[in-house]
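Reading the structure
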Amino acid sequence: MTGGHDSSLFAIEKGKGMVAYRLYATSILVSTCLIWWYRATHIPSIGEKGRWLWIGISLAEIFTGLYWIVTQFPRLNPIYRHAFPDRLSQRYSDKQLPGVDVFVCTADPTSEPPSMVISTVLSVMAYDYPSEKLNVYLSDDAGSVLTFYALWEASEFAKVWLPLCRTYKIEPRSPAAYFSNIHSVPDTCRTKEWYYVKELYENMVIRINTVVKKGKVPEEVLANNNGFSKWNEGMTSKDHPSIVQILVDGKGYDAVEKDGIALPTLVYVAREKRPGQHHNFKAGAMNALIRVSSVISNSPIILNVDCDMYSNNSKCIREALCFLLDEEKGQNIAFVQYPQDFANLDYYDIYGNSLTVFMALDFPGVDGWGGPPYIGTGCFHRREVLCGRPYSKDYKENWAKGVARISGDTISDMEEGAKSLATCTFELDTEWGNGIGLKYGYPVEDVVTGLQIKCRGWKSAYCNPKRTAFLGLSPTTLEQCLVQYKRWGEGNLQIFLSKYNAFLVGHRKLRFGFIMCYYMYGLWPTTCFPAWYYVVIPSLCFLQGISLFPEVTSIWVLPFIYITSATYILSLAETVRFGGTIIGWWNFQRMWLIKRITSFSFATIDTVLKFLGWSEMSFSITGKVTDGNSKKRYEEGIIEFGSDSAYFVIIASVALFNLFCLVGGFGALLVNKEMERINKFFIQGFHCAILVVINLPVYEALFVRKDNGRFPFSVLVASLGLTMLVVLLPL
Ligand SMILES: O=c1ccn([C@@H]2O[C@H](COP(=O)(O)OP(=O)(O)O[C@H]3O[C@H](CO)[C@@H](O)[C@H](O)[C@H]3O)[C@@H](O)[C@H]2O)c(=O)[nH]1
Ligand SMILES: [Mn+2]
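Owing to the predicted nature of the structure, the values given are computational and were not obtained by experimental measurement.

1. Describing the UniProt feature "transmembrane region" (unreviewed entry) in the chain
Those residues carrying the UniProt feature "transmembrane region" (unreviewed entry) are residues 21-40, 52-70, 512-535, 555-573, 593-612, 646-669, 681-699 and 711-729 in this numbering. Its end C-alpha atoms 29 Å apart, residues 21-40 is made of 100% helix and 0% strand. Regarding residues 646-669, the helix share stands at 100% and the strand share at 0%, and the terminal C-alpha atoms are separated by 34 Å.

2. Considerations on the packing of aromatic side chains
A complete count under the given rule lists 51 aromatic pairs for this structure. Seen in terms of ring centroids, tyrosine 568 and tryptophan 585 are 6.1 Å apart; in terms of plane orientation they differ by 85°. Their pairing is edge-to-face. Of this pair, tyrosine 568 sits in helix α19 (residues 557-577) while tryptophan 585 is found in helix α20 (residues 582-597), placing the two residues 17 residues apart along the sequence. For tyrosine 568, a relative accessible area of 40% translates into the label partly exposed. Through successive ring pairs, a cluster of aromatic residues spans Phe157, Trp161, Tyr178, Phe179, Trp194, Tyr195 and Tyr201. Over the ring of phenylalanine 549 we find arginine 39, and its NZ or CZ is 5.1 Å from the ring centre. The residue whose ring lies beneath arginine 291 is tryptophan 432, and the NZ or CZ to ring-centre distance is 4.7 Å.

3. A closer look at the layout of surface pockets
The space that makes up the second largest pocket amounts to roughly 1100 Å³. Taken together, 35 residues make up the lining of the second largest pocket; nearest its centre are Met116, Leu473, Lys624, Val625 and Lys631. Elements that contribute at least two residues to the lining of the second largest pocket include exactly α4 (114-125), α6 (175-181), α7 (191-214) and α22 (628-636).

4. Some remarks on a nonpolar patch on the surface
The grouping of Leu29, Leu59, Ile62, Leu66 and Ile69 at the surface amounts to a nonpolar patch, some 400 Å² of accessible area in total. In terms of residue count, helix α2 (residues 51-76) provides more of the nonpolar patch than any other element does, four residues in total.

5. Considering unusual backbone geometry
A cis geometry characterises the amide bond from glutamate 171 onward to proline 172, with omega recorded as -10°. Of note, proline 172 is situated in the loop between α5 (145-168) and α6. A positive phi angle is found at aspartate 429, which is not glycine, with a value near 55°. Structurally, the position occupied by aspartate 429 is in the loop between α13 (411-419) and α14 (445-455).

6. So, the sheet that holds strand β13 (residues 470-472)
Sheet architecture is open: three strands sit in the order β8-β13-β10, paired in mixed fashion. Edge positions in the open sheet fall to β8 (310-311) and β10 (341-342), since each of these has one partner strand only. Sheet analysis places β8 next to β13, joined by two bridges and oriented antiparallel. By the bridge assignment for β13, serine 311 is matched with phenylalanine 470.

Rules of the game
- Residues numbered from 1 in each chain as written.
- Chains lettered and ligands numbered in written order.
- Predicted model: local features only at pLDDT ≥ 70, side-chain atom pairs only at ≥ 80, totals over all residues.
- Heavy atoms only, no water.
- UniProt positions renumbered as here; feature names shortened; annotations may be inferred.
- Helix = DSSP H or I, 4+ residues; strand = E, 2+ residues; numbered from the N terminus.
- Phe/Tyr/Trp six-rings, centres within 6.5 Å; stacked < 30°, edge-to-face > 60°.
- Buried < 20%, exposed > 50% of the residue type's maximum accessible area, 1.4 Å probe, protein only.
- Lys NZ or Arg CZ within 6 Å of the ring centre and 35° of its normal.
- 1 Å grid on protein atoms, 1.4 Å probe; cavity = no way out; pocket = protein on both sides within 12 Å on 5 of 7 lines; lining within 4 Å.
- Points joined across faces, edges and corners; volume = space filled by probe spheres on them.
- Patch = residues over 30% accessible without salt bridge, like charges linked within 9 Å, V, L, I, M, F, W, Y side chains within 5 Å.
- Areas by Shrake-Rupley, 256 points an atom, 1.4 Å probe, with all protein chains shown as cover.
- Salt bridge = Lys/Arg side-chain N within 4 Å of Asp/Glu carboxyl O.
- Pairing = 2+ DSSP bridges.

This is how it looks when you write it as structure tokens:
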């Protein structure tokens, strides 16, 4: 470890085993060059069949090789950080610790159920951190009275939940996560008290779910609470004034939990929405929160989480502060990013959603080049930096910053002041969304904002401790998953093609390796080009008797075999090493392919359309719940294909097409059993066979399954038609 002398609040350790990895990477690079050489020297001569196809596959391989080189940058230079919260406690008393504002964003009570949202809110209210220093803001982009109702219930439940958490050191502090895993009272808790809180929680969830289902808050609740009067008949999620409600005022006397200890401040915020006024999605919500919080608490630290991402470690704030408060090495750290981990991944991981390997290996690598990107959730920011402050050596943060309460100021004065900052006209003719706050105009507002911060001279830190800090929900249907990846792919490609291209905006400011890490994300969707070539052309050529690979007895097969086996063996080993399963890895390979031929292809097309001005930016929210049979299928590892979206037609067509080529190609080999021919087509036949094997669940969903998750009949018809069209293409 370097710099771990006694006073430091954190230490940095360099990655081990790098020599072995570099040797491996070199061997892959050499094999790649050999393949390029083979392609260049064996090109069919002019007029010979397949010359253009050969040139095509050469381009695909050149692209893949170059992209692979880019992806090696985060692997070359990893660093790992360790925090020392004990030293923090020795140096800073509770009174001296900085205030922390936690921002939770929600946008739709249907796809993001309020009972889930409030569990996340309760988990962050229950952080092991002085209550008077903790302020929790919920931004509701739907401006829904149902979500407000749920938050109001949560503010009452917090009075018993927080003391229970503190007294018995409960983890995790999301009541939903806690009670769904622990069914009987733990030895350390007093039985009566524990069951009492559990029952209160369960009843509250029933009440909230009933209200959400009915779409109406009960009259007696409305009558007895002023807060609800802000809603009226004519209001919709797209047309309403700004609403700010301080449900718990941590600095007031009424905010006391059962044991007489103060509660953290809790604020509900719905920024104004009007038809015709662009609201800039999550970035707009975050910027409204930055302003609203500036007049209520104005803490120097902002933690941002998605509404499904509960805190899984109550000590996390103190840990993150070690990086920001270290006087020596923390001065230039703008934000501390935690990984995205998911609570709902199981043994099968059918949609290849786990980011564990990526988070365990690639992010420490990016950290080695100057710090991880901001990924939208599980991130601690300095408020000043989010608001645009450039890095300067002489700047000293004022950790004591906060809103001093002027005597006589009432809650409603504060709410009124805050409301005017959340109107939809507030930002007109200002730098908000450009130089101040989160950046507008990109579906991955987080990544571009992080890049902008880096260009102002700041670094960031990546923290991935043993106990997972945050747990979220990954999509549980194929369609949701593909939509999410389309947004991510599109957002990153847009950044790449804009003036925020890491090289354009950051040369001389950012290290070359860091720019390459950004290129890895930026070029991600364009990997659809080689993928398409590889799923169509070699198989079609197999069917039509055009050879594109060396004979299996030729020495030139070696680099092909080496690259394929070495990369797959390594990725399997990495998956297993970080807790994944073999079946999960296999499913990931299928999803790797599916994402490229669907999400990434559409992301690329849409980005081009946007450039031409033919399409507008959108943000489709990822659904967070599935019910009934589709939930059951997810748990059993059965893929959900039951929709007639274009994505599914593509998936079915590619699978059918490869099956057709495999059968036709092998038929031809059987009729014509010359050894030379078999040698010549072995690799292509094998490649096509692997594509068929990986698509087995697709055939099953086309022809065998009877449940609602199978392909609709229309998709079967469309994909059969498309397949016929393609196989009849004369090459
Ligand atoms: O108009 C909007 C749209 C979304 N959200 C919130 O943004 C968060 C992320 O949305 P989600 O649909 O869950 O998207 P994901 O793809 O899961 O989110 C990842 O990717 C986003 C960028 O594409 C980041 O903003 C997120 O933080 C990151 O977790 C959720 O809490 C939403 O409630 C809003 O507040 N307003
Ligand atoms: Mn999400």
